[in-house]
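Topology and contacts: notes
In case you want the letters, here they are:
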Amino acid sequence: MRELAKLAAEAKEHLLGKIVPFWRSLRDDERGGWYGYMSYDLKTDREAVKGCILNSRITWFFSNVYLCWKEGLISEEDCRKYGFSPEDIKAEAEHGYAFLREHCLDRKNGGIYWSLHADGTPEDTTKHTYNQAFSIYALSSYYEALGDEEALKTAFELFELIEGKCTDEVGYLEAFTVDFQPESNEKLSENGVMAAKTMNTLLHVFEAYTQLYKISGNEKVGKRLKWILDTFADKIYNPERHRQEVFFDEDYNSIIDLHSYGHDIETAWLIDLGVEILKDPDYEKKLTPITKDLTAQIYKVAFDGHSLANECERGVVNTHRIWWVQAESVVGFLNGYRKDSSHGEYLDAALRQWEFILEHVVDQRSGSEWFWEVDEAGKPYPDRPIVEPWKCPYHNGRMCIEILRRT
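Residues numbered from 1 in each chain as written. Predicted model: local features only at pLDDT ≥ 70, side-chain atom pairs only at ≥ 80, totals over all residues. Heavy atoms only, no water.

1. Re the side chain of Glu402
With respect to the element layout, Glu402 can be found in helix H13 (residues 393-406). For Glu402, the contacting residues outside a window of four places in its chain are Trp269 and Val331. (Helix = DSSP H or I, 4+ residues; strand = E, 2+ residues; numbered from the N terminus. Contact = heavy atoms within 4.5 Å.)

Take a look at the structure:
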């Protein structure tokens, strides 16, 4: 199809010509990892905190760009057009892995710190389940790309740590002290509530375990994937409101009326991918109606013909256009069309969303990447940075990679 071919070509150009060079320029060759902050006016703070989530996500990103080359989705000629080689991408992934191994990992207590000082020493020693999951995601992808057995071993050690220290009889707990004593969950609680459990953490544990299962086929990981899918279906998904609930008490009772549009469209395609990798027809039968419902509802209530609003809290819609929400909607709508090609409106939505991103969310200034957020008309908010501990190439880079893999 001509539209999909054009989308793939533009995504490849954006990936290799915009996102890859930007993040390569932020590599810290002296102290490891990547610089952790760039302001709206494009000033890099080389002494800023280095978030471990940021560095895990960047390691994941470069591992997957290298995988795209190995899979034949990008060529050496494609890379050299923009001034680098596949070996340079491999070196970026190796750089990220070295930083995770040597600085982010707590050799004494186990697990991954929350953040580090610019010199790589611990800054915030909180151990969060969400953060452990992203390191598994990065390490598993790094193993798939480069075949490093030590990375796979560390991924499984973190898996066992989550299962042994970060769960109770109901599900996944959230935040812990450096030695894994439970503490309050400020880091993943928002909207005026303090959540004991969150949809967000559950989703990204699932995402990480999906990648770990993909490269290992480990039976214990597969069993936990099925448990998470059952939890999504039975406790997180709200069939009456055609959405996921977001923040919960200890027993997965929802504690706020909140519809997170970006998380729902992201969840739809991540669950479909996990079910596809599991190859269990019972779970495909159980989860496919849910992911179709989530996609349909987001198209109905959140997509305005060109972009996606942020969320709806207690009936009030936040119309800001957040960078990651826009990226996930492209993949989510493409996934919905791939699951059922009779839904041509989803393909059209993905294409319109991509146009909005290129015109309004991508920062056209030299030396920049994407704005954090813009308003409904596409005007950027100048008080939001270009890089900080949550702002990285995970969502927008993954969008480009998923477009290539799906088209």
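2. Brief notes about the sheet that holds strand S2 (residues 115-116)
Strand order in the open sheet formed by three strands is S1-S2-S3, with antiparallel pairing between adjacent strands. The outermost strands of the open sheet, each flanked by one partner alone, are strand S1 (50-51) and strand S3 (122-124). Alignment of S1 against S2, held across two bridges, turns out to be antiparallel. Counterpart to Lys50 in the pairing with S2 is Leu116. (Pairing = 2+ DSSP bridges.)

3. A word on the sheet that holds strand S4 (residues 127-128)
Strand order in the open sheet formed by three strands is S4-S5-S6, and the pairing between neighbours is antiparallel. On the outer flanks of this sheet lie S4 and strand S6 (182-183), each paired with one strand and no other. Where strand S5 (residues 175-176) and S6 come together, two bridges link them in antiparallel fashion. Within S6, the position partnered with Ala175 by the bridge is Glu183.

4. A short note on the environment of Glu190
For Glu190, the location among the structural elements is in the loop between S6 and strand S7 (197-198). Owing to a relative accessible area of 52%, Glu190 belongs among the exposed residues under this scheme. Separated by 57 residues in sequence, Glu190 and Phe247 have C-alpha atoms that sit 8.6 Å apart. (Buried < 20%, exposed > 50% of the residue type's maximum accessible area, 1.4 Å probe, protein only.)

5. A few points about helix H5 (residues 129-146)
With 18 residues, H5 extends 26 Å from end C-alpha to end C-alpha; this agrees with the ideal 26 Å at 1.5 Å per step. Counting buried positions along H5 yields 16 of 18 residues, so the element is predominantly enclosed. Positive phi appears at Gly147, one or two residues downstream of H5, with a value of about 70°. (Expected span 1.5 Å × (residues − 1).)

6. Topic: the packing of helix H1 (residues 2-25) against H13
The geometry of H1 relative to H13 is characterised by a closest axis approach of 9 Å and an angle of 150° between their N-to-C directions. The chirality of how H1 crosses H13 is left-handed. In contact with Leu7, Ala8, Ala11, Lys12, His14, Leu15, Ile19 and Trp23 of H1, H13 contributes Pro393, Asn396, Gly397, Cys400, Ile401, Ile403 and Leu404. Looking at the contact of H1 with H13 residue by residue, the classes come out as eleven nonpolar, three polar and one charged. (Axes fitted to C-alpha atoms, helices over the stretch in contact; angles between N-to-C directions. Left-handed = near helix turned anticlockwise from the far one by under 90°. Nonpolar A, V, L, I, M, F, W, Y, C, P; charged D, E, K, R; others polar.)

7. Observations concerning helix H12 (residues 344-361)
If you check H12, its first and last C-alpha atoms are 24 Å apart, about what 18 residues at 1.5 Å a residue would give, namely 26 Å. Where H12 is buried, its residues contact H1, helix H10 (281-301), strand S14 (321-322), helix H11 (323-339), strand S15 (373-374) and H13.

8. With respect to the pattern of salt bridges
All told, the structure shown has 39 salt bridges when counted by the stated rule. Where Asp272 meets Lys339, a salt bridge forms, and the shortest distance between an N and an O atom there is 4.0 Å. Within this pair, whereas Asp272 is found in helix H9 (residues 261-278), its partner Lys339 is found in helix H11, the two being separated by 67 residues in sequence. Judged by its relative accessible area of 8%, Asp272 falls in the buried class. Accessibility expressed as a relative area gives 34% for Lys339, which makes it partly exposed. (Salt bridge = Lys/Arg side-chain N within 4 Å of Asp/Glu carboxyl O.)

9. Considering the packing of aromatic side chains
Throughout the structure, instances matching the rule amount to 26 aromatic pairs. Where Phe206 meets Phe232, the ring centres are 6.5 Å apart and the plane angle is 80°; that geometry is what we call edge-to-face. In this pair, Phe206 sits in helix H7 (residues 199-216) while Phe232 sits in helix H8 (residues 219-236), placing the two residues 26 residues apart along the sequence. Relative accessible area serves as the criterion here: at 0%, Phe206 is assigned to the buried category. Judged by relative accessible area, Phe232 falls into the buried class, the value being 3%. Measuring from centroid to centroid gives 6.0 Å for Tyr299 and Phe333, while their planes differ by 90°, and the two rings are edge-to-face. With Tyr299 in helix H10 and Phe333 in helix H11, this pair connects stretches of sequence that are 34 residues apart. On the basis of relative accessibility, which here comes to 28%, the residue Tyr299 falls in the partly exposed class. The structure contains a cluster of three or more aromatic residues connected by ring pairs, namely Trp60, Trp114, Tyr130, Phe134, Tyr137, Trp390 and Tyr394. Sitting over the face of the ring of Phe134, Arg57 holds its NZ or CZ atom 4.4 Å from the ring centroid. For the cation-ring pair, Lys197 lies above Tyr252, with the distance from its terminal atom to the ring centre recorded as 5.7 Å. (Phe/Tyr/Trp six-rings, centres within 6.5 Å; stacked < 30°, edge-to-face > 60°. Lys NZ or Arg CZ within 6 Å of the ring centre and 35° of its normal.)

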